[in-house]
Amino acid sequence: NGFSPNGDGLNETWVIGNIEDYENAIVKVYNRWGDVVFVTYGGYANDWIGTTLSGSQLPNATYYYIIDLNYNNLVYNGSVTIVHRMISVII
């Protein structure tokens, strides 16, 4: 569960599959200190590009999410990792 918003055109956003089916979904992403860094209310129209609420790029780290679908008490949580630079090793 990770993505690399580094401008190379690969894995630029965090995509939540089929979330558009839940128009009242709430998605919250937290840093390791429990601060909310991203949130959407009443649906999830755009994929997250790894920025804060004010639009600043977040650093490489693991972030924690809560997805409340507001449907049949379905709530999911887990982690997502941002890695800005992917390193290739050729042996």
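What counts, and at which threshold
- Residues numbered from 1 in each chain as written.
- Predicted model: local features only at pLDDT ≥ 70, side-chain atom pairs only at ≥ 80, totals over all residues.
- Heavy atoms only, no water.
- Helix = DSSP H or I, 4+ residues; strand = E, 2+ residues; numbered from the N terminus.
- Buried < 20%, exposed > 50% of the residue type's maximum accessible area, 1.4 Å probe, protein only.
- Contact = heavy atoms within 4.5 Å.
- Areas by Shrake-Rupley, 256 points an atom, 1.4 Å probe, with all protein chains shown as cover.
- Pairing = 2+ DSSP bridges.
- Polar contact = N/O pair within 3.5 Å; in protein donor to acceptor, adjacent residues only side chain to side chain.

**Notes on the overall build of the chain**
Next, step 1: Scanning the chain from terminus to terminus reveals 0 helices and 5 strands.
Next, step 2: Traced from its N-terminal end to its C-terminal end, the chain shows the element sequence β-β-β-β-β.
Next, step 3: For the chain, the proportion of its 91 residues judged to be buried stands at 30%.
Next, step 4: Intrachain contacts of the chain at a sequence separation of at least 6 include 45% that bridge at least 24 residues.
Next, step 5: Surface accessibility of the chain: about 6,100 Å² in total, with carbon and sulfur atoms responsible for 49%.

**Thoughts on the sheet that holds strand E5 (residues 75-82)**
Next, step 1: The 5 strands lie next to each other as E1-E5-E4-E2-E3, forming an open sheet whose pairing is mixed. A strand with exactly one partner marks an edge of an open sheet, and here the two such strands are strand E1 (2-3) and strand E3 (36-40).
Next, step 2: Bridge count between E1 and E5: 2 bridges; the pairing is parallel. Within the sheet, the bridge partner assigned to Phe-3 lies in E5 and is Ile-82.

**Section: unusual backbone geometry**
Next, step 1: In the Ramachandran plot, Asn-18 falls in the positive-phi region, its phi being about 65° despite a non-glycine side chain.
Next, step 2: Tracing the sequence through the fold places Asn-18 in the loop between E1 and strand E2 (26-30).
Next, step 3: You will see that Asn-70, though not glycine, has its phi angle at about 50°, which is positive.
Next, step 4: Assignment of secondary structure puts Asn-70 in the loop between strand E4 (61-68) and E5.
Next, step 5: Residue classification places Asn-70 among the partly exposed positions, given a relative accessible area of 42%.

**A few points about the side chain of His-84**
Next, step 1: Structurally, His-84 can be placed in the segment after E5.
Next, step 2: Here Pro-5 takes part through its backbone oxygen, which lies 3.5 Å from a polar atom of the side chain of His-84.
Next, step 3: With residues near it in sequence (within four places) discarded, His-84 still touches Pro-5, Asn-6, Gln-57, Leu-58, Pro-59 and Asn-60.

By themselves, these figures tell us nothing about what the structure is for.
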